[in-house]
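Tertiary structure, described
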Amino acid sequence: MQSRRKHQLLEGIARVTTAAPVRMDTAAAPAGGAPPPHASGPGRDAPSVARGPGMRPHVFTLSVPFPTPLEAEIVRGSLAPDAEPHQRVVGKNLAVSGRILAVRWEAEDCRLLRISVINFLDHLSLVVQTMQHYGPPISR
């Protein structure tokens, strides 16, 4: 039930901000291929996800469109400082491409992955509601 509520909330955010669909993908990383490294820095938490031999991580990606690239950057800047509580087992990367905020998680434990995604959606909702309350940003 909570997962469905989060999905509906996220769809509502996309409709309110751009009237475009939000894209969510889940998959396991390729068996033989190494996942992209997670460097520390703005929008990046874990240097890598701890993995046992032969284990494939769970991967979840989320693309959220915004009306302007500036708004996407503002949201990324607001969410990037939130370090992942389980940095050693959950990796999170935030990136902006044009007006799209792309978020990628990678984790061995699907429960911790779910918790991380739900917490992120809560923070995303708060940031978007705040931006809606104060109106569009003014370019400098």
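Residues numbered from 1 in each chain as written. Predicted model: local features only at pLDDT ≥ 70, side-chain atom pairs only at ≥ 80, totals over all residues. Heavy atoms only, no water.

In the annotation of an unreviewed UniProt entry, the entry for the protein chain reads L antigen family member 3, and the organism field reads Macaca fascicularis. Recorded in UniProt for the protein chain, the comment headed Subunit (unreviewed entry) runs: "Component of the EKC/KEOPS complex composed of at least GON7, TP53RK, TPRKB, OSGEP and LAGE3; the whole complex dimerizes." According to the UniProt record, the Sequence similarities (unreviewed entry) comment for the protein chain is "Belongs to the CTAG/PCC1 family." (UniProt positions renumbered as here; feature names shortened; annotations may be inferred.)

For the rest of this paragraph, the subject is the overall build of the protein chain. Helix and strand counts for the protein chain stand at 3 helices and 4 strands. Reading the protein chain from its N end, one meets helices and strands in the order α-β-β-α-β-β-α. The buried share of the protein chain, reckoned over its 140 residues, is 38%. Sequence separation of 24 or more characterises 75% of the internal contacts of the protein chain that already satisfy a separation of 6 or more. (Helix = DSSP H or I, 4+ residues; strand = E, 2+ residues; numbered from the N terminus. Buried < 20%, exposed > 50% of the residue type's maximum accessible area, 1.4 Å probe, protein only. Contact = heavy atoms within 4.5 Å.)

This brings us to the nonpolar core. With 22 residues, the main nonpolar core has L62, F66, V75, L101, W105, F120 and L124 as its most contacted residues. Breaking this core down by element, the ones donating at least two residues are β2 (58–65), α2 (69–79), β3 (90–97), β4 (100–107) and α3 (110–134). Sort the elements by how many residues they give to this core and α3 lands first, with 9 residues. (Core = buried A, V, L, I, M, F, W, Y, C linked by side-chain atoms within 4.5 Å.)

The pLDDT averaged across the protein chain works out to 75; a share of 61% of its residues lies at or above 70. Between the elements of the protein chain, mean pLDDT differs from a low of 49, seen in helix α1 (residues 2–17), to a high of 97, seen in β2. For residues 12–21, every residue scores under 50 in pLDDT, and the model assigns this stretch 20 contacts once sequence neighbours within four places are set aside. This model gives residues 30–49 a pLDDT under 50, and the stretch forms 42 contacts once residues within four places in sequence are excluded. (pLDDT = per-residue confidence, 0-100.)

On to the pairing of β2, then. Summarising burial for β2: 6 of the 8 residues are buried, a large majority. Across 8 bridges, the pairing between β2 and β4 is antiparallel. Each residue of the ladder has a partner; that of S63, found in β4, is A102. (Pairing = 2+ DSSP bridges.)

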